[in-house]
Amino acid sequence: MKQRLLYIWHNLHQSRSFSFEDDRPLSTRTKIIAVTSILILYALFYSPWWYPLSDSALYLSLARAIATGNGHTYMGEIFTQVPPGTPLLLAAIITLGGGIAAIHITMISLMLIGHLLAYLTLKQWVTPRLALIATCATAISYWVMHAAMTIMSDPLAYALVWGALLSATSLTQPNLKSRVAKQWTLFVLASIMLALAFENRIAVVLLIPGISFAIFILTRNITSPRLRTSWVVILIAVFGLLVFDYTRQRSTRHYKFDRLVTLEQFPGAQKIDPMAPQPFTNTPIQASDEGYTLTDKRNQITDQGPRTFTMKLERLIRRNAQRPYNIGRWISEGLAGPSAAVFQSKNTLINILGLVAGVSAAIIFLVGTIALITHQRWWLLAAIAYAIPIWIRWSDRIKPRYMILIAPVLFITLYFGSRISWAWISKKIKRDNSDNVAKPNGRWIMPVLLILLAVANLPAAAVDIHLRRANASEFYDHARAGSLSELIDIAAHIQRHARANDEIWINRGFFRRVVFYLTGRKIKNLRRDIIIEDPNDTKGFKGFNRALENKSRYYIVFYNQYPWPQWHIPRIKVNKNGPRYWQLFERHRVPGKKAVYKPVNVQSANPSYFQNIPWSAL
């Protein structure tokens, strides 16, 4: 077994010639075609309408507070959960008189700048051809495009990180030998951009160990050991202070406004485990005079007795056996967002296909990473080191947005892994016992990977582009297949009729930020424990009314009965002809009786309604 492992390692090590990089010259025409295609693609994403997303609403709400002189606050409280980078940028645009259209142009421009900086950086790590294709693969990755066409923190972080990496890479060039002043300039510039990126996305701190190591190793022939050590110490010290400041602020923050109210405050409620997964669909409920409560046994704290050693061991094996597959999912979804449909499919055959794809991606990525280690590609490895703590921390909670910062490196590593795997397979097929594993021509792998990503990503992107070409009266009718149009109508009604100090309650906490941004009213919610499955269940609303104890004038209800649409395929507006997703209830007082909540028939609101309201009024 030991000899077999040594043999495999020897074959991988022999590939250090890295003829895999395809060093054919890159023509100017190819560059022009690539740049023009990306510019046209991203121009199609522009839209003057705001697409409702939880994080996007949070950034806009913080920016609105900053622009109106209320500081980095949310619902009137100091907010330190999100760093101020993107809110400050958005606040500057708002202060200069810009609206959603100007903000969208800024987000798209930042992502394009990030792609340019990524190409200039990668060109110093790998051959220009591979650098260009990796940049193009990143540009057409769904989550990268999605971040560019929505208002998120990713575009600014992406541009700053690759600007910092470009400066840090230039710092290690041999032509800087004995030019200490320029070296310090590049180091300070890289440090400042990394610090700004950290103030925009906290996950950037995970890049520091790899960058520090790469700088220390790759400058050993052009600087003195004392200077290299100074840079590493300064970099780690600065980021240590930033992390300390961030954690200190979070530990002293006021949680009152952000803490969700639990159903346990109401009489007759079952005890729900707040850390257990809360299902969104097909959740059985139990109506009573005290209110609605979940009856899903998976979410109840029950006395199951002590767990045996065998049970603990089985749970440990089951959890860790899935990690290689999950890493493959992180990589696949990071580059091809719609691949999530394959991994999450309930069809057995498609699910098996997803399992094979996830494990294969993980293995190929591992082979590519080993090749990078044997070839001492420290800059590429510094980027990969960023992802490892994220994969360990989140495991099966796949969050492809975190992979945006290193998407080009994911592609390059998959490419190296694919070339080496193909060479090894070809050698076995030909029964070639020589050590030259690099012989088989695998130049086709690079364009094939790019085409596969395009096929996987562009159809979904085309649907999003179609949505953004819609006019004002159609945009929200198509967004999420029309389900968001009801929420927009409800927010417009609240904006017109609610008092400034009214508190709005909602049973879908995920959209609390959206409603707060659109209405400017403080939003509270139960912890997804009161779920209204059937809008026609008038008997159940007795318990619903009693559970609320008449605390607010308005309550927004999300109906859990219908699957939440994932794509923007045009349909008839949902609240005109089809199932409802959202309903507004208003408190009414009946003489001699307790107040009750009754449905409100809100009027349709044109999306331009929110475009024309001054920021200070929201």
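Above this text you will find the structure in question.
All of these numbers come straight from a predicted model, not from anything done at the bench.

A. Representation of the packing of aromatic side chains. Per the counting criterion, the structure on display carries 15 aromatic pairs. Centre to centre, the rings of Phe-198 and Phe-239 are 6.0 Å apart; their planes meet at 85°, and the pair counts as edge-to-face. A residue pair is termed long-range when its members are at least 10 positions apart, and Phe-198 in helix α9 (residues 180-198) and Phe-239 in helix α11 (residues 225-252) qualify at 41 residues. Of the residues examined, Phe-198 reaches a relative accessible area of 1% and is grouped as buried. Between Phe-511 and Trp-582 the ring centres are 5.4 Å apart and the planes differ by 70°, which places this aromatic pair in the edge-to-face class. Taken together, the positions of Phe-511 in the loop between β5 (503-506) and α21 (512-519) and Trp-582 in strand β8 (residues 582-588) put the pair 71 residues apart, joining distant regions of the chain. Taken as a pair, Phe-511 and Trp-582 share a single burial class, namely buried.

B. The arrangement of the side chain of Ser-167 in detail. Structurally, Ser-167 is set in helix α8 (residues 154-171). Contact partners of Ser-167, with chain neighbours within four places excluded, come to Leu-186, Leu-189, Ala-190 and Met-193.

C. Structural detail: the packing of helix α20 (residues 483-497) against α21. Across the interface, α20 lies against α21 with an axial gap of 9 Å and an inter-helix angle of 45°. Judged on the interaxial angle alone, α21 and α20 are oblique. In this structure, α20 crosses over α21, and the sense of that crossing is right-handed. In this structure, α20 uses Leu-487, Ile-488, Ala-491, Ile-494 and Gln-495 to contact α21, whose residues at the interface are Val-514, Val-515, Leu-518 and Thr-519.

D. Representation of a nonpolar patch on the surface within the structure. Together, Trp-422, Trp-424, Ile-425, Ile-429, Trp-444, Val-448 and Leu-452 make up an exposed nonpolar region whose accessible area comes to about 670 Å². Those elements giving two or more residues to the nonpolar patch turn out to be α17 (407-430) and α18 (445-468). Examining the composition of the nonpolar patch, we find that 4 residues originate from one element, α17, more than from any other. In this structure, Ile-429 sits in helix α17. Of the residues examined, Ile-429 reaches a relative accessible area of 64% and is grouped as exposed.

E. Seen up close, helix α13 (residues 323-335). Helix length check: α13 (13 residues) gives 19 Å between terminal C-alpha atoms against 18 Å at 1.5 Å per residue, within 8%. For α13, the buried fraction is high: 10 of the 13 residues fall into the buried class.

F. Highlighting the pattern of salt bridges. Evaluation of the coordinates by the stated rule reveals 10 salt bridges. Where Asp-154 meets Arg-201, a salt bridge forms, and the shortest distance between an N and an O atom there is 2.4 Å. Of the two residues, Asp-154 is situated in helix α8 and Arg-201 in the loop between α9 and α10 (208-218); the sequence distance between them amounts to 47 residues. Under the relative-accessibility criterion, Asp-154 is labelled buried at 1%. Bridged by salt links that share partners, the residues Asp-55, Asp-154, Arg-201, Arg-401 and Arg-513 form one connected network.

G. The sheet that holds strand β6 (residues 522-525), seen in detail. Pairing is mixed in the open sheet, where 5 strands are placed in the order β6-β5-β7-β8-β9. On the outer flanks of this sheet lie β6 and β9 (596-600), each paired with one strand and no other. For this sheet the average axis-to-axis angle between neighbouring strands, irrespective of direction, equals 30°. Two strands pair when backbone bridges link them, and β8 and β9 are joined in this way by 5 bridges, in the antiparallel orientation. Residue pairing in the sheet places Leu-584 in a bridge with Val-600 of β9.

H. The layout of surface pockets, seen in detail. If you add up the space inside the second largest pocket, you get close to 780 Å³. If you trace the second largest pocket, you find 27 residues lining it, with Ser-332, Ala-361, Leu-414, Leu-449 and Leu-452 closest to the centre. Per-class residue counts for the lining of the second largest pocket are 21 nonpolar, 6 polar and no charged.

I. A look at the packing of helix α3 (residues 54-67) against α21. In contact at an axis separation of 8 Å, α3 and α21 are set at 35° when each is read in the N-to-C sense. When the axes of α3 and α21 are compared, the crossing they make is left-handed. Counting all contacts with α3, which are made through Ser-54, Asp-55, Ala-57, Leu-58, Leu-60, Ser-61 and Arg-64, the residues of α21 involved are Arg-513, Val-514, Phe-516 and Tyr-517. Its residues assigned to classes, the contact of α3 with α21 shows 6 nonpolar, 2 polar and 3 charged.

J. Fine view of unusual backbone geometry. Despite not being glycine, Gln-376 has its phi angle at roughly 60°, a positive value. Position of Gln-376 among the secondary structure elements: in the loop between α15 (348-375) and α16 (378-394). Relative accessible area serves as the criterion here: at 40%, Gln-376 is assigned to the partly exposed category.

K. Quick peek at the environment of Asn-601. Looking at the secondary structure, you find Asn-601 in the loop between β9 and α23 (608-611). Residue Asn-601 is classed as exposed on the basis of its relative accessible area, which comes to 74%.

Analysis parameters
Residues numbered from 1 in each chain as written. Predicted model: local features only at pLDDT ≥ 70, side-chain atom pairs only at ≥ 80, totals over all residues. Heavy atoms only, no water. Phe/Tyr/Trp six-rings, centres within 6.5 Å; stacked < 30°, edge-to-face > 60°. Helix = DSSP H or I, 4+ residues; strand = E, 2+ residues; numbered from the N terminus. Buried < 20%, exposed > 50% of the residue type's maximum accessible area, 1.4 Å probe, protein only. Contact = heavy atoms within 4.5 Å. Axes fitted to C-alpha atoms, helices over the stretch in contact; angles between N-to-C directions. Parallel < 35°, antiparallel > 145°, perpendicular 65-115°, else oblique. Left-handed = near helix turned anticlockwise from the far one by under 90°. Patch = residues over 30% accessible without salt bridge, like charges linked within 9 Å, V, L, I, M, F, W, Y side chains within 5 Å. Areas by Shrake-Rupley, 256 points an atom, 1.4 Å probe, with all protein chains shown as cover. Salt bridge = Lys/Arg side-chain N within 4 Å of Asp/Glu carboxyl O. Expected span 1.5 Å × (residues − 1). Pairing = 2+ DSSP bridges. 1 Å grid on protein atoms, 1.4 Å probe; cavity = no way out; pocket = protein on both sides within 12 Å on 5 of 7 lines; lining within 4 Å. Points joined across faces, edges and corners; volume = space filled by probe spheres on them. Nonpolar A, V, L, I, M, F, W, Y, C, P; charged D, E, K, R; others polar.

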